[in-house]
Amino acid sequence: MELRPPIVIASGVGGMGEYLKLIDPRYIGAYTLKTITFKPRLGNPPPRLIATERYLINSIGLENVGVEKFIEELENGLYEELFRKVKVIFSFAGEDFEEYLKVAERMVPHQDRFVAFECNFSCPNVDFNPLSDTSQLKKMLIELRKKLDVFLIAKLGIEGAFIEQLAELVEECGWNGVTIINTIRALHIDGETLIKGGISGPILKPIALRAVYEVRNRTNLYIIASGGIMDETDAQHFFEVGANAVSIGTALYRDPTIVERIAKRFL
Ligand SMILES: Cc1cc2nc3c(=O)[nH]c(=O)nc-3n(C[C@H](O)[C@H](O)[C@H](O)COP(=O)(O)O)c2cc1C
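Residues numbered from 1 in each chain as written. Predicted model: local features only at pLDDT ≥ 70, side-chain atom pairs only at ≥ 80, totals over all residues. Heavy atoms only, no water.

Engineer: Please clarify how the sheet that holds strand β11 (residues 222-226) should be interpreted in this entry.
Structural biologist: Sheet strands associate in pairs through backbone hydrogen bonding, adopting either a parallel or an antiparallel arrangement. Around the barrel, eight strands lie side by side as β1-β2-β5-β6-β7-β8-β11-β12; this closed barrel has parallel pairing. Neighbour-to-neighbour, the strand axes of the sheet open up by a mean angle of 25 degrees, direction not taken into account. Pairing of strand β6 (residues 116-120) with strand β7 (residues 152-156) involves four bridges; the strand directions are parallel. Within β7, the residue paired with F117 across the bridge is L152. (Pairing = 2+ DSSP bridges. Helix = DSSP H or I, 4+ residues; strand = E, 2+ residues; numbered from the N terminus. Axes fitted to C-alpha atoms, helices over the stretch in contact; angles between N-to-C directions.)

Engineer: Can you help me understand the site of the ligand in this one?
Structural biologist: Not every one of the 24 residues close to the ligand is listed here, only the nearest: S11, T35, S226, G228 and T250. Note that an oxygen atom of the ligand is positioned 2.8 Å from one of the backbone N or O atoms of S11. Here G201 contributes a backbone N or O atom positioned 2.9 Å from an oxygen atom of the ligand. Relative to its free-state accessible area of 610 Å², the ligand is covered by the protein chains to the extent of 97%. (Near = heavy atom within 4 Å. Polar contact = N/O pair within 3.5 Å; in protein donor to acceptor, adjacent residues only side chain to side chain. Areas by Shrake-Rupley, 256 points an atom, 1.4 Å probe, with all protein chains shown as cover.)

Engineer: Please clarify how the pairing of strand β12 (residues 245-248) should be interpreted in this entry.
Structural biologist: Both faces of the sheet carry side chains from a regular strand, because those side chains alternate between them. The alternating pattern of β12 places A245 and S247 on one face and V246 and I248 on the opposite face, and all of these are buried. Where strand β1 (residues 7-9) lies against β12, three bridges are found, and the strand directions are parallel. Among the inter-strand pairings, I9 is bridged to a residue of β12, identified as I248. At this point the chain moves from β11, through helix α7 (residues 232-240), to the parallel β12, and the crossover so formed is right-handed. (Buried < 20%, exposed > 50% of the residue type's maximum accessible area, 1.4 Å probe, protein only. Right-handed = clockwise from strand over helix to strand, strands pointing away.)

Engineer: Mind showing me how you'd approach the packing of aromatic side chains here?
Structural biologist: Aromatic ring pairs: the centre-centre distance and the angle between the two ring planes describe each pair. Taken as a whole and judged by the stated rule, the model has 14 aromatic pairs. Measuring from centroid to centroid gives 4.9 Å for F239 and F266, while their planes differ by 50 degrees, and the two rings are tilted. Taken together, the positions of F239 in helix α7 and F266 in helix α9 (residues 258-266) put the pair 27 residues apart, joining distant regions of the chain. The class of F266 is buried, set by a relative accessible area of 14%. Between R113 and the ring centre of F83, over which it is positioned, the NZ or CZ distance is 4.2 Å. (Phe/Tyr/Trp six-rings, centres within 6.5 Å; stacked < 30°, edge-to-face > 60°. Lys NZ or Arg CZ within 6 Å of the ring centre and 35° of its normal.)

Engineer: Help me understand helix α1 (residues 67-75), please; the structure alone is not making it clear to me.
Structural biologist: Every α-helix winds through 3.6 residues per turn, so residues three or four apart in the chain are directed the same way. Listed as buried for α1 are V67, F70, I71, E73 and L74. Along the long axis of α1, the arc covered by the buried residues comes to 160 degrees, so they all point the same way. The inward-facing, buried residues of α1 contact α2 (80-85), β5 (88-92) and α3 (97-107). Just beyond α1, the residue with positive phi is G77, at close to 85 degrees. (Arc of directions from axis to C-beta. Contact = heavy atoms within 4.5 Å.)

Engineer: Explanation requested: the pairing of β7 in the structure shown.
Structural biologist: Of all five residues that make up β7, five are buried, and the element is covered over most of its length. Both faces of β7 are covered, namely the face carrying L152, A154 and L156 and the face carrying I153 and K155. Relative to strand β8 (residues 177-180), β7 is paired through four bridges, and the arrangement is parallel. The partner of A154 across the bridge, within β8, is V178. For the crossover from β7 across helix α5 (residues 163-172) to β8, the handedness is right-handed.

Engineer: I would appreciate a short explanation of the side chain of Q111 in the present structure.
Structural biologist: With respect to the secondary-structure elements, Q111 resides in the loop between α3 and β6. Within the structure, Q111 has its side chain in polar contact with the backbone nitrogen of D149 (distance 2.9 Å). Apart from the residues lying within four places of it in its own chain, the contact partners of Q111 are F117, L148, D149 and V150.

Engineer: It is not clear to me how a nonpolar patch on the surface should be interpreted in this structure. Could you clarify?
Structural biologist: Side chains of L187, I189 and L194 sit close together on the surface and give an oily, nonpolar patch of about 300 Å² of accessible area. Taking relative accessible area as the criterion, L194 reaches 48% and is therefore assigned partly exposed. (Patch = residues over 30% accessible without salt bridge, like charges linked within 9 Å, V, L, I, M, F, W, Y side chains within 5 Å. Salt bridge = Lys/Arg side-chain N within 4 Å of Asp/Glu carboxyl O.)

Engineer: What is the right way to read the pattern of salt bridges from this model?
Structural biologist: Going through the model one piece at a time under the given rule, you end up with 19 salt bridges. With a closest N to O distance of 2.7 Å, E68 and R106 form a salt bridge. Here R106 lies in helix α3 and E68 lies in helix α1, a separation of 38 residues in the sequence. The exposure class of E68 is partly exposed, given its relative accessible area of 40%.

Engineer: Where do I start with α5 in this structure?
Structural biologist: For α5, every residue scored as buried is listed here: I163, E164, L166, A167, L169 and V170. G174, located one to two residues past α5, shows a positive phi value of around 80 degrees.

In structure tokens form, the structure reads like this:
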């Protein structure tokens, strides 16, 4: 996969393409859609977001319309403008291993429209953690690879086995890349309000940087770095430790023009 510029819009934060209204598509290497699951999900009850200077905590809980409805939208042309303007990455997940396969099966006829499929194995806001059982994960990686004939990316987190061991498994199973890292489980208390969710933003950067460094030293996978990339210097640091592309998430909420500024430096 060749992304020019090497900048990706992060899954979830970029919604289903809405940020194209705010960012010139020339500066977007690829646009990752919000994670789609087998069944529709309403997500978690509010409050679902708390923002501070150093971090954001979200407990959205993979709210999405489900794969059947998504395919209907796709066939009805809802995303035509998006496809015309940028490369699109399809992100998917399941509430158990079986569901990952079911989403993949349903998407096979549409796979050619996407530059890659990103399999979200690391959402901290759902009960199932696929990264905690490596033998099951390995079976799943093999099965998904057999089904899908696309550039296949595993989105890994740091909750489960060591990320470099997981990445080695991903490579061994014939996958093409990893997105590292996802948000990490966190908790915010403010008076009566308690929010349990996934933490993102500047606070993640050193953790994500270490993860990219370790994975680059152990694999030849395509690496999309994700976690706390807020400006050009952050992006530079991730390229220095071996990222192939950087993913912009929380920074979009602060200032979407950051994508253009990073792109101009790394085009
Ligand atoms: C509100 C919100 C929703 C998210 N939803 C998803 C999602 O649906 N799928 C996914 O793989 N990651 C999701 N993420 C994680 C981001 O894609 C990204 O990996 C993470 O936020 C770390 O990068 P950042 O610090 O640049 O935000 C979400 C993050 C936020 C803040």
